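# Inside the fold
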Amino acid sequence: MGPDVPLLNDYKQEFFWKRFPQTVLGGPRLKLGYCAPPYVYVHQLVLFLTPWLLGGIGTALYQLRVLDDTWAGVVSGMLMLGVGATVQGLAQCMARRTGVVQRLPAANNILADEEEVEFTHCVAPDTVRFVVPGKKFMANVVLHTLLAGALCGLSTWYLLPDRLGSLYGHTGVGLGAVVPLFALSWVTVCIAEYSLIVNTATETATFQPQDTYEITPLTRPLYILAFIAVDLALRFAGSAVVELQVAAQVLHVLFVVLPVLWALGMLSPLDALLLWAMEQSLVHGLGGSAMSTNIRLLVMFLSSTCVAICTFFIPSSLGIVLFTVATGYLLSQDLSQLLVLVKGGSSTLGLGWWGLPLSLLLLLGALTEAGLLHQLYPNQTLENQTLSVNSIENWGSSVVPPSPQGVIGLLLIALFLITRLLRELQGACVLGGAVLNPLYPKRVTTAKAFRRKTRGLRVAGIIRRMLLNLVSPLAMIAFLSVDESLAKLHTASLAIGFTRAFRVVWQNSEAGLLQMVLVVIIRLAGGHRPVHWHELGTTVQLILVSLIINRVSQFVYKINFALTVLITSWTENKQRRQSAGTLLALNAALCPLLLAVVVLSALLSAPLLPLFTLPVFLVGFPRPLRSWPGTPGTACPCPDSVYYQQLCKRLASAIRPALANGTFGSCSPGTHYLGRFQGRLLWISVLERGYGYCTVNIKGLELQETSCHTVEARRVDEVFEGAFDHVEHPGQCFRLLNPHWGNALTPCSVLPVRVYSDAQNVLTGIVDSPDHLRQLNSDFLKTLVWILLRYCVQDLTYGTHRTKGQSVQTSGRKSQSSQHTVPLEPGPAVVKVGIDSQVHPESSSSSHLRGQDSSSLSSFADWSDDDDLFGPMPVRRPIKMMVRTDETQKELGLGVSLPGSVEIHSLYESMALSSLPTLRPLGMGLGLGLPIVDKGKDNIPTLTSTTVPWNSQPLHFTSPHSELFSLPTDWRTAPLPFPKIQVLHPCFPEAWFFFCLSRLVVESLGEGDFEQVTQGLREDRALQELYTQVVLSCCVALGADTQVFNPNLLFRLYCGDGPWTEGLEWLRTNKELHQLTLRAFRYSVKLLVDQASLGPVESLEELYTTLQDYHDNWFIGLVTDCGWQDSVVQEKPFLFSLGHDLTMGTYTSRVLSLQENLVQVGVLNEEGVRGQWANLSWELLYATNDDEERYSIQAHPVMLRNLTVQAADPPLGYPIYSSPLIHLRCL
């Protein structure tokens, strides 16, 4: 798609311009898109102005001194209450009258997105329902009506002209400001009242996809009530409080601007506002972390608040120290994993139950240290503290020894420098990604080599881990335990400060260390001289420093994101729209405004929203760092999801040491990482961080790459290659600079992960080679003999005949990739024509595609093709034709598949079954070419074969051990002609049969005379004849008795879609035998490929160990089989499948090998991700711009826009896999 693809298509543009005025005005629908009577608009206008009229009555009564200000507000509120009750009562009445019978749409147009209302008269039910839709819940009817009355009364009291005059002055400029403020403020009130009591507009600030409980109508009124609350506080406190006076003046001006802020979506909806406020208070006020779910956030916020309240009431300073240290440690742990440990699961306490006494020991050590230091170094007065700080400045000249807190402060500075240096050495890039780390290994291709080359870095990471997790918390506790603020009187700020300070020591040791170091540096630089700063106390200083660090870092990331959007809109040719130059000029001219927007979004911790991802920036509404309301773990699954399911388990284990060593940087909540391995892309989000643990969510992006996906994936590969495969050339300037600095992705590290490697090969020269195909018959018979013998020993008689099992030595031949137990592939369905017809479920992929279409009839002529260019055309079986009516299925007759038709299995072999269209045989529903069916007969005789089973005589074994290897009697009843079996009798591998018998006797019998048992079995001719009959019958029935295979027949037999014969129908009735036969043929095909690649099998021992290897370590089947996905989840070492590429006309093999590979991981600009997700939320939930080719989803190689959209939580994003919350121990 070109850069000038429409931002909104024509239909969405019309829809948007109808919705946006409604949002601005709070709900009145003044642009309908169709013709409506004037009274519809008059009704809405009257209801919109009603609060102003009612408030005007109260204002007039007050101005005339008939009532005081309180009673004037009460009168206006009661009048509004009555109007609201009347309006809602009328809406509920009309809803009950029209609730049973609903009128169809007027135009009955199925393409109409919105219903066009036919207005009959001004008070018709349709008119009332259009103007006042009503509430879904009766509780909301009462609540919203009461709130509407209270809002009108308080607004009348809040906007009295005398009150405004007292704020801004009764003369001059103040008087000139009162009139516009009064008029425009009542517009704001009317907008809020209309959305509350009449009709709620769709908000641009939308957090939840659906407003189930009608919370949206409360948003605007509650913001107005918050403004009024400040004015109430000023009236009760009096005008002596200058801060409240200034705040009231500013808020009155902002009150007028509220409709603009609502229209731009800068004010959060109530649910997002509540979550954001709790998260900010927990992180910066109480020392906690952003939480992974809303429930955990609520519980942690309430728990931390209770701790702060308890701290306020503790009378002893020693008690405060011990209490806050202990509660800080406990709240910084993931206590939910303790419940998992109690239930017997695997918890993040890496040492299991041993972790509990170790944690208790660490806590006791911290408490002992804090108590001793607090008692040994009693708190000094302000003067002594100032003197001690001066002594630090004059370390060499003063005879006064430095204070203990000053010495510990110097130790904290040293710890910070060491840990930060060791952290920078761990990653692939340093200095914010601008420079490549020269110590990081380059051009490493194997996990073993990577571990060898990073041994020194891992040692440095372990040292950092010990310093950060053990030494630093104890040093910070010592610094706080001797703080002079503990000697002061208890205040709310100090209680909150100490609660936070001792909590952040454990919750985020690295961030806490940075904050304390900055406080110490400010003191050393003379920060004690400003009286106001020193009077705040250490703990309040830490809160302010934490806020400043957080907001400054957000500003840096946001300005980086804004510059990326601005610059790439011109430098990237595919992003350069016709309006790019104009937008750049506007941003340059309005640079102060752009900086103000960035600063405001950073101060509010709100996302910087690029409208349609263009360089048009808005302040998104504040929301939690997770950006989405739901619990992580929702995805859009498909058959490829299973690869991510396996990968995520292993990746989580590899991430754990990387997080602990600092390879991924600071790794705070809200950070996002991108992993890459072959065609797989993983999105890793950090949701929660505590002492010794981290909670992450891992998403898998689609594997079927679109054009946009491919462009960005290629750039991701280039970014990683520039960092990990960079070749240094001595003598060149700037050789260590990151060539892709400025990209949203910054490389971090390479992780060794045990994951499936996917390899696909073209089988040209193998499956079409006569020499190789000629060997397939013999290999198939040998493989079937081995499988039947093993089936008898292990499957049928396991636990009864076997007393001891011995493992098989696999010292023989290995396959191409060296290779698990393959579950029985379910056989296809069998449908018999007759009175006693039975339908068996089928699960092989070819049978799924074909449906239940087999029949036991054999009287129809077989299709043939005299001019077959690809070998003999196999016989195709007849198909039963069915026509589906409204209630039943009607049988039309029997037909056959046409010669030369394309097999649907090979065409869609690599596609998910759910994505295939419903297929019907040619002529279905038309009755074309179908034989005549006599429908007049009630009893149709069962059609049976004229061939009489020739092998139904009873067997008489001469060896008592032959029963162990006996086969079911039904397997000997193949309806095949005796001469056909007799001709193949010499093909039975007798030597191989006796060799397998001897090996299986040793394996199945734990004790006894093996040679005597083997000799008895060899002399039992009945046993050999039994296997000869069954093996040859299966070979003929499957269609594998041809002299030379052709590629088409081989592929069809591998897929279980062989040519129909009466013998194949019999084989399918014996489902277990059919599954074993199909498995044997697939093993033989795999053996064919291995022999063509590695050379022929040279001995029976080598063949035996090769088949045993297939049985133990391989899944050999189809990608669409259920067993394929089960094997991936169970981590079978190897998987093999055949495929057919119709476009190239070639047959391919696919091998998945489970081995340790290197997964590349990089960190993303977190503010860029939040900004793009904010735009996605606005664009889809408000503008409903769900066009799959919209501009904001097109590929952007620098911002990685398409991948970011994919990684959003459904329903806005579409990751194919999303893990549940993963708790990692990082201690």
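In what follows, the structure referred to is the one given above.
Residues numbered from 1 in each chain as written. Predicted model: local features only at pLDDT ≥ 70, side-chain atom pairs only at ≥ 80, totals over all residues. Heavy atoms only, no water.

## Observations concerning a nonpolar patch on the surface
Inclusion rule: Surface patches are defined over residues having more than 30% relative accessible area and no salt bridge, joining like charges when they lie within 9 Å and nonpolar side chains (Val, Leu, Ile, Met, Phe, Trp, Tyr) when within 5 Å. Calculation of accessible area relied on Shrake-Rupley with a 1.4 Å probe; when residues are assessed, cover is drawn exclusively from the protein chains displayed. Within this document, salt bridges are pairs made up of a side-chain nitrogen of Lys or Arg and a carboxyl oxygen of Asp or Glu, the two lying within 4 Å of each other. A run of DSSP states H or I qualifies as a helix once it reaches four residues; a run of E qualifies as a strand once it reaches two. Both are numbered from the N-terminal end.
There is a patch of nonpolar side chains on the surface, built from Val242, Val246, Val250, Leu254, Val257, Val260 and Leu264 and spanning about 520 Å² of accessible area. Assignment of secondary structure puts Val257 in helix H9 (residues 242–264).

## Quick notes on the pattern of salt bridges
What counts, and what does not: Type-normalised accessible area, obtained with a 1.4 Å probe on protein chains alone, sets the label of each residue: buried when under 20%, exposed when over 50%, and partly exposed for intermediate values.
Across all of its chains, the model carries 27 salt bridges by this definition. A salt bridge links Asp231 to Arg235, with the nearest nitrogen and oxygen atoms 3.2 Å apart. Highlighted residues: Asp231 and Arg235, both in helix H8 (residues 219–237), separated by 4 residues, approximately one helical turn. For Arg235, a relative accessible area of 25% translates into the label partly exposed. Notably, a salt bridge pairs Arg1150 with Asp758, separated by 2.7 Å at the nearest N-O pair.

## Quick notes on unusual backbone geometry
Backbone torsion omega between Pro1210 and Pro1211 reads 10 degrees, so that peptide bond is classified as cis. Positive phi outside glycine occurs at Gln678, with the angle close to 50 degrees. Note that Gln678 resides in the loop between strand E5 (672–677) and strand E6 (680–690). Look at Gln678 and you get partly exposed, because its relative accessible area is 35%. Its identity as a non-glycine residue notwithstanding, Glu1131 has a phi of 60 degrees, on the positive side. One can find Glu1131 in the loop between helix H39 (1122–1130) and strand E12 (1134–1141).

## A few points about helix H2 (residues 38–63)
Stated precisely, the cut-off is as follows: One fewer than the residue count of a helix, multiplied by 1.5 Å, yields its expected span. At any given residue, the bend is defined as the angle formed between two axes, one fitted to the seven residues that end at that position and one fitted to the seven that begin there.
With 26 residues, H2 should cover 38 Å at 1.5 Å per step; its first-to-last C-alpha distance of 36 Å lies within 8% of that length. Bending of H2 peaks at approximately 40 degrees at the position of Leu49, with proline Pro51 no more than four residues after it. Residues of H2 that are buried: Val40, Gln44, Phe48, Thr50, Pro51, Leu54, Gly55, Gly58, Thr59 and Tyr62. The positive-phi residue at the C-terminal boundary of H2 is Arg65, with phi of around 60 degrees.

## Quick word on the pairing of E5
To keep it simple, the criterion reads: Note: two strands are recorded as paired if DSSP finds a minimum of 2 bridges between them.
Taking burial as the measure, the 6 residues of E5 include 6 buried ones, the bulk of the element. Along E5, one buried face is formed by His672, Leu674 and Arg676 and the opposite face, lined by Tyr673, Gly675 and Phe677, is buried too. When E5 meets E6, the two strands line up antiparallel, connected through 6 bridges. Looking at E6, one finds that Phe677 is bridged to Arg680. Between the end of E5 and the start of E6, which pair antiparallel, lie 2 residues, with Gln678 showing a positive phi angle near 50 degrees.

In short, geometric facts, not functional conclusions.
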